[in-house]
Amino acid sequence: MLSAITLIEVPGQDEGLRVALQAADLPTDDIEDEGRTFFRAVSDAGQTIGYAGIERCADDALLRSIVVLPEHRSHGLGRAIVQATLQEVGLTGYVFLATTSAAPFFSTLGFTEVPRTIVPATVLATRQLSSFCPSSATIMRFNRPPT
């Protein structure tokens, strides 16, 4: 396991971000829209190991676009990228995410499944939740109260 991960903010039009998301079958149609912040995760050796994104929704946020590059998978780096992203953005509200396949992974990081009825309207209105993710996607919330 790598000892440190550094997050470097990248624009939505970053080619490495786009390629990594497409390879992981994650949406790219809205990555250049305003309100999204993306990061390139870099190892202490300077290698790009993955990408992460966050979309602010008033006081809350939508965690999105977490991807570990194939050659770096199965080393706990997804966990480290999520944790670094949550620390980097310093949010004061709740953090939500939508997933069709990674609920077990995110549950180990402190996210719990929640019904759509409790998700704030600003989060539900994101293109991610209103257009891209199927209604069958699992919605999860980071298990910590706002500060």
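Preceding block: the structure.
Report follows, based on the coordinates.

## As for the packing of aromatic side chains
How two aromatic rings sit relative to each other is given by the distance of their centres and the angle of their planes.
Right, so step 1: Tallying each qualifying case throughout the model produces four aromatic pairs.
Right, so step 2: Centre to centre, the rings of F105 and F106 are 5.0 Å apart; their planes meet at 70 degrees, and the pair counts as edge-to-face.
Right, so step 3: When its relative accessible area of 31% is taken as the criterion, F105 is described as partly exposed.
Right, so step 4: Geometry around Y94 places R141 over its ring, the cationic atom sitting 4.3 Å from the centre.

## Points about the sheet that holds strand β2 (residues 36-43)
Right, so step 1: Strand order in this open sheet of seven strands is β1-β2-β3-β4-β5-β7-β6, and the pairing throughout is mixed. Each edge of the open sheet is held by one strand with a lone partner, namely β1 (5-10) and β6 (111-113). Each neighbouring strand pair of the sheet contributes to a mean axis angle of 30 degrees, computed without reference to strand direction.
Right, so step 2: Pairing of strand β4 (residues 60-68) with strand β5 (residues 95-99), which is carried by two bridges, proceeds in the parallel orientation. Paired with L62 across the bridge in β5 is F96.

## Topic: the pairing of β2
Right, so step 1: Burial within β2 is extensive, with seven of its eight residues counted as buried.
Right, so step 2: Pairing analysis gives six bridges linking β1 to β2, with the strands arranged antiparallel. Opposite I5, over in β2, you have S43 as the bridge partner.
Right, so step 3: Judged from the seven bridges that link them, β2 and strand β3 (residues 48-57) form a sheet pairing that is antiparallel. Pairing of A41 across the sheet is with G50, part of β3.
Right, so step 4: The loop that links β2 with its antiparallel partner β3 comprises four residues; one of these, G46, has a positive phi angle of about 90 degrees.

## A closer look at unusual backbone geometry
Right, so step 1: A positive phi angle, near 60 degrees, is found at D25, a position not held by glycine.
Right, so step 2: Within the secondary structure, D25 is located in the loop between α1 (15-23) and β2.
Right, so step 3: The backbone of S65 shows a phi angle near 60 degrees, a positive value even though the residue is not glycine.
Right, so step 4: Looking at the element boundaries, S65 is found in strand β4.
Right, so step 5: In this structure S65 comes out as buried when scored by relative accessible area, which is 9%.

## Concerning helix α2 (residues 77-89)
Right, so step 1: Compared with an ideal rise of 1.5 Å per residue, which puts 13 residues at 18 Å, α2 spans 18 Å between its outermost C-alpha atoms and is within 8% of the ideal.
Right, so step 2: Of all the residues in α2, the buried ones are L77, G78, A80, I81, V82, A84, T85, L86 and V89.

## Section: the nonpolar core
Right, so step 1: In terms of nonpolar packing, the biggest core is built from 24 residues, with I54, L63, V82, V95, F106 and F111 touching the most fellow members.
Right, so step 2: Put simply, the parts of the chain that give this core at least two residues each are β2, β3, β4, α2, β5 and β7 (138-142).
Right, so step 3: For this core, the leading source of residues is α2, giving six residues.
Right, so step 4: If near-sequence neighbours (up to four positions away) are discounted, F106 is found in contact with L63, I66, V82, L97, F111 and M140.

Reading guide: rules and limits
Residues numbered from 1 in each chain as written. Predicted model: local features only at pLDDT ≥ 70, side-chain atom pairs only at ≥ 80, totals over all residues. Heavy atoms only, no water. Phe/Tyr/Trp six-rings, centres within 6.5 Å; stacked < 30°, edge-to-face > 60°. Buried < 20%, exposed > 50% of the residue type's maximum accessible area, 1.4 Å probe, protein only. Lys NZ or Arg CZ within 6 Å of the ring centre and 35° of its normal. Pairing = 2+ DSSP bridges. Helix = DSSP H or I, 4+ residues; strand = E, 2+ residues; numbered from the N terminus. Axes fitted to C-alpha atoms, helices over the stretch in contact; angles between N-to-C directions. Expected span 1.5 Å × (residues − 1). Core = buried A, V, L, I, M, F, W, Y, C linked by side-chain atoms within 4.5 Å. Contact = heavy atoms within 4.5 Å.

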